[in-house]
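# Structural overview for review
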Amino acid sequence: MYSLGLLPFFYGLVPEWGALAAALAIAVLVLALWFYAIVTRSSSDQPDDAPVHLPGSSLSHILPFFHRRFDFINQGFQLAGQAIYQFKLLRKPVIVISGEAARRDFFQAKDLNLLAGTKFLSAVIPALPGVTTDIGPRRAALVFRRLASAQTSERLSRLLPQVLEDARRAMDTWGPSGTLDPFERVSELMFQTTVRCLGFTEHADDPAMVKRLKELYEVLDTETTPATVLLPWYPGSSAVRRFLATKKVYNIFSTTLDERMRSGIARDDTPQMLIDAGDDKLVIIGFVMGLLVAGARATGMTASWLMTFLSGHPQWKEKAAEEVRRLIAEHASHATTTVPLGTSSDRHTDGAAHASYEEESSLSSLTATLSAIPLSAWETQTPTLDAIIRETLRVAEPHVALRQYLPQNASADGKGASGVGKPAPPPLFLGGKAVPPGTLVIYPFSDVHLSAEVYEDPWRWDPGRTDMNLKAPYSYVGMGAGNNVCMGKRLATLELKLIMAMFLLGFDELRAVDGNGVPLAELPRPDWNNLLTWKPVGGSCYVHFERRAAAASRSF
């Protein structure tokens, strides 16, 4: 603390214990004055077109915002009595919007910065200045261009059989039958496929390394606290653990990249694409570090809910399975089972015997057959799979869009660029309310996805609902909309379809059960306060599965 620098002065006036007490007293006084300034700071000077303020001090908003965000936002609308309101997190203004007009303005706005908003209000991306954060608009634009290049049709066509084979290997470890927690096992599977799609081949081919990376990213998740987000400079225990985990992740990627560059051996993966494009080391590592966690979390939790919903709606499971069978009949009826079965280490890990050769052969046959279906068919001839993914995102994705209004030539604090005589940037208007430059803006997807005015019985999962085709502006915003579309949407959608196809045709039975194996009378409701794991209210639910017999698998 800076006040400790006054110790030599106090030593000359009072005994040692008194000097220490005086220095600490000054520190406490400064901290108290800082908090007092935050609590008592007036907002009465706001213009008429500014959103109404929530009652209470900024300190009282911190814990509910970070721990029960869905409830906090909804209670805010009730307290404000308006569709748009604002509050403060310490000294940072945050505006929450809702309603059709504000939603349209939000998704059409061009100066709402995703990276800045996520940094201030989430901070789940590994934070390394110049690598994953504080990269500037040019570096951010480069990352987005590289992500688009990683999703070309040629690239996705090559990835398609690799993703299916990764899924097959993971499912083989589940055995021929049993009960699993989809929010654990399916999440592990999707982390593996995301490493395959966006990371280094050396890691994707090494199950132990994939497990290690997932453990490190979980540390980043669990150690993200209000203090690490709002006071990133404060070296608390959680911040230290986050820093150490981030450093370990960086070292893993850095070592692999250095070894590849030194060996001169090229691989067919996304980092190689960046190497070939001439990107520097920090760009490559930042790309993989940031996008890996962002992609794996969203696709992992969506796939977990896909399995859960299909296990409780057998009619939709069969309808989707029939759609995949039609794809096979039209595009892969003569596919051969040429996919290798893997080594003995793939079938036996940690001394536990897994699937038999016949059971593994059934999934390998399915993998080879699905791999023969062209990318164009997966993307354009699967309306049932599309509807299932869409409805799952609507009901189960507790997403809150986080942005910061940073007009061009404005800094992160919202001030204009340096220069004599340059006017300050104008405010942005969302739903008729002014958003000053530098302000953080939140749009909760629940505003439209769980609206009874837009969707009849909004908590009901029904991919066949006709109101999914409403023409109201942005009545569905899963994976973003307008100028705020998820940049990895194409890749994520393909991953989800491939994994769903493996669920549909690889298992005879998927049944939702409780922790004791008793079938559930109804599926649990997603917990929209759980922004990290998306688990159901009350914790996990489970799925009992039965592997399709080998003989039946050959006919699918």
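Every residue gets a number counted from 1 within its own chain, in the order that chain's sequence is written. Owing to the predicted nature of the model, reporting of local features is limited to residues with pLDDT of at least 70; listing and counting of side-chain atom pairs is limited to 80 or more, with chain, interface and lining totals taken over all residues. Based on all heavy atoms of the structure, the side-chain values leave hydrogens and waters out of the count.

To continue, consider the overall build of the protein. Secondary structure elements follow DSSP: runs of H or I no shorter than four residues count as helices, runs of E no shorter than two count as strands, and numbering proceeds from the N terminus. A tally of regular secondary structure across the protein gives 23 helices and 15 strands. Partly exposed residues are those whose accessible area sits between 20% and 50% of the maximum for their type, while under 20% is buried and over 50% is exposed, using a 1.4 Å probe and protein chains only. Within the span of the protein, comprising 556 residues, buried residues form 51% of the whole.

Quick look at the pattern of salt bridges now. Any carboxyl oxygen of Asp or Glu within 4 Å of a side-chain nitrogen of Lys or Arg constitutes a salt bridge here. On inspection of all chains with the given rule, the structure shows 30 salt bridges. When the shortest N-O distance is used, the salt bridge between Glu154 and Arg158 registers 3.3 Å. Here Glu154 pairs with Arg158, and both are found in helix α8 (residues 153–172), just 4 residues apart, close to one helical turn. Note that Asp221 and Arg297 form a salt bridge whose closest N and O atoms lie 2.3 Å from each other. Here the residue Asp221 occupies a position in helix α11 (residues 207–222), and Arg297 occupies one in helix α15 (residues 281–312), the gap between them amounting to 76 residues. The pair Asp221 / Arg297 is uniform in exposure class, with both members buried. A network of salt bridges, in which partner residues are shared, links Glu165, Arg168, Arg169, Asp172 and Arg547.

Here we take up the sheet that holds strand β1 (residues 52–53). With respect to topology, 6 strands assemble into an open sheet ordered β1-β2-β3-β11-β8-β4, the strand pairing being mixed. Across the chains shown, the open sheet's two edge strands, defined by having one partner strand only, are β1 and β4 (112–113). Strands were regarded as paired on the criterion that DSSP finds at least two bridges between them. The sheet contact formed by β4 and strand β8 (residues 400–405) spans 2 bridges and is antiparallel. By the bridge assignment for β8, Leu112 is matched with Tyr405.

Pairs were defined over the aromatic rings of Phe, Tyr and Trp, the Trp ring being its six-membered one, requiring ring centres within 6.5 Å. Orientation was assigned from the angle between planes: stacked under 30 degrees, edge-to-face over 60, tilted for the rest. The full count for this structure, using the stated rule, is 22 aromatic pairs. Measuring from centroid to centroid gives 5.0 Å for Phe65 and Phe66, while their planes differ by 90°, and the two rings are edge-to-face. Measuring from ring centre to ring centre gives 5.6 Å for Phe107 and Tyr443, while their planes differ by 80°; the resulting arrangement is edge-to-face. Taken together, the positions of Phe107 in helix α5 (residues 100–108) and Tyr443 in strand β11 (residues 440–444) put the pair 336 residues apart, joining distant regions of the chain.

This next bit is on the packing of α15 against helix α22 (residues 489–506). All axes are obtained by fitting lines to C-alpha atoms, using only the stretch in contact for helices, and the reported angles, taken between N-to-C directions, cover 0 to 180 degrees. Contact pair α15 / α22: the axes reach a minimum separation of 10 Å and the direction vectors enclose 35°. As for how α15 packs across α22, the hand of that crossing is right-handed. Of the residues in α22, those touching α15 at Thr299, Thr302, Ala303, Leu306, Met307 and Leu310 are Ala492, Glu495, Leu496, Met500, Phe503 and Leu504. When residues are sorted by character, Ala, Val, Leu, Ile, Met, Phe, Trp, Tyr, Cys and Pro go into the nonpolar class, Asp, Glu, Lys and Arg into the charged class, and all the rest, Gly among them, into the polar class. Each residue belonging to the contact of α15 with α22 can be placed in one class, and the counts come to 9 nonpolar, 2 polar and 1 charged. Should the near helix be turned anticlockwise from the far one by less than a right angle, the crossing is left-handed, and should it be turned clockwise, the crossing is right-handed. Whether two residues are in contact is decided by their heavy atoms: any pair within 4.5 Å suffices.

Moving on, we come to the confidence of the model for the protein. The pLDDT score gives, residue by residue, the confidence of the prediction method on a 0 to 100 scale. Looking at the protein, pLDDT values average 84 and 79% of them are 70 or higher. Taken element by element, the predicted model of the protein shows its lowest mean pLDDT in helix α17 (residues 344–347) (39) and its highest in helix α19 (residues 375–380) (98). Note that residues 1–7 has pLDDT below 50 and, in this model, 9 contacts with residues that lie over four places away or in other chains. Under a pLDDT of 50 for its full length, residues 336–360 has, in the predicted model, 40 contacts with residues more than four places off or in other chains.

Right, let's get into the packing of helix α16 (residues 314–331) against helix α20 (residues 383–396). Contact pair α16 / α20: the axes reach a minimum separation of 8 Å and the direction vectors enclose 140°. In terms of their interaxial angle, α16 and α20 are classed as oblique. Judged by residue contacts, Trp316, Lys319, Ala320, Glu323 and Val324 of α16 engage Pro383, Thr384, Leu385 and Ile388 from α20. Here roughly perpendicular refers to angles of 65 to 115 degrees, roughly parallel to angles under 35, roughly antiparallel to angles over 145, and oblique to all remaining angles.

A few words now on the environment of Ile73. Considering the arrangement of structural elements, one finds Ile73 in helix α4 (residues 69–80). It is 7.7 Å that separates the C-alpha atoms of Ile73 and Val96, two residues lying 23 residues apart in sequence. Ile73 has contacts with Tyr85, Val96, Val400, Ile442 and Pro444, leaving out every residue within four places of it along the chain.

Positionally, Gln192 belongs in helix α9 (residues 182–198). Of the residues examined, Gln192 reaches a relative accessible area of 11% and is grouped as buried. The definition of a polar contact used here is a pair of N or O atoms within 3.5 Å, where within protein one atom must be able to donate a hydrogen and the other to accept one, and adjacent residues in sequence count solely through side-chain atom pairs. A distance of 3.0 Å separates a polar atom in the side chain of Gln192 from the backbone oxygen of Ala204. Setting aside anything within four residues of it in sequence, one finds Gln192 in contact with Asp166, Ala204 and Val210.

A few words on the nonpolar core. One recurring pattern in soluble globular proteins is that nonpolar side chains are buried together. Remark: nonpolar core denotes a set of buried residues (Ala, Val, Leu, Ile, Met, Phe, Trp, Tyr, Cys) joined through side-chain atoms within 4.5 Å. Residues Trp174, Phe253, Leu370 and Trp378 are the most contacted members of the largest nonpolar core, which totals 119 residues. Element by element, the count of residues in this core is highest for α15, at 16 residues. Once residues within four sequence positions are removed from consideration, Phe253 is found in contact with Phe200, His203, Leu213, Tyr217, Ile285, Val288, Met289 and Leu292.

Right, let's talk about the sheet that holds strand β15 (residues 542–547) for a bit. One open sheet holds the 3 strands; their spatial order is β5-β15-β14, and the pairing between them is antiparallel. Single-partner strands in this sheet number two, and they are β5 (177–180) and β14 (507–513). Between one strand axis and the next, the sheet turns through 15° on average, direction left out of account. Note: β14 against β15, 6 bridges, orientation antiparallel.

In this section: unusual backbone geometry. For Asp457, which is not a glycine, the phi torsion comes out positive at approximately 50°. Its location among the elements puts Asp457 in the loop between α21 (446–449) and β12 (480–481). One non-glycine residue with positive phi stands out, namely Met479, at about 60°. Tracing the backbone through its elements, the reader meets Met479 in the loop between α21 and β12.

In this section: the pairing of strand β3 (residues 92–96). Here strand β2 (residues 85–89) pairs with β3 via 5 bridges, running antiparallel. In the sheet register, Phe87 faces β3, and the bridge partner there is Val94. Hairpin connection from β2 to β3: 2 residues lie between these consecutive antiparallel strands, with Leu90 at a positive phi of about 55°. Across 3 bridges, β3 lies against β11 in parallel orientation. Bridge assignment links Val94 to a residue of β11, and that residue is Leu440.

Let us look at α5. Of all the residues in α5, the buried ones are Ala102, Arg103, Phe106 and Phe107. Angular distribution of buried residues about the axis of α5 spans 125°; they occupy a single face of the element. Note: the arc covers the axis-to-C-beta directions of the helix.

Assignment of secondary structure puts His544 in strand β15. Owing to a relative accessible area of 16%, His544 belongs among the buried residues under this scheme. The contacts of His544, once residues within four sequence positions are left out, are Gly178, Thr179, Glu509, Leu510, Arg511 and Val513.

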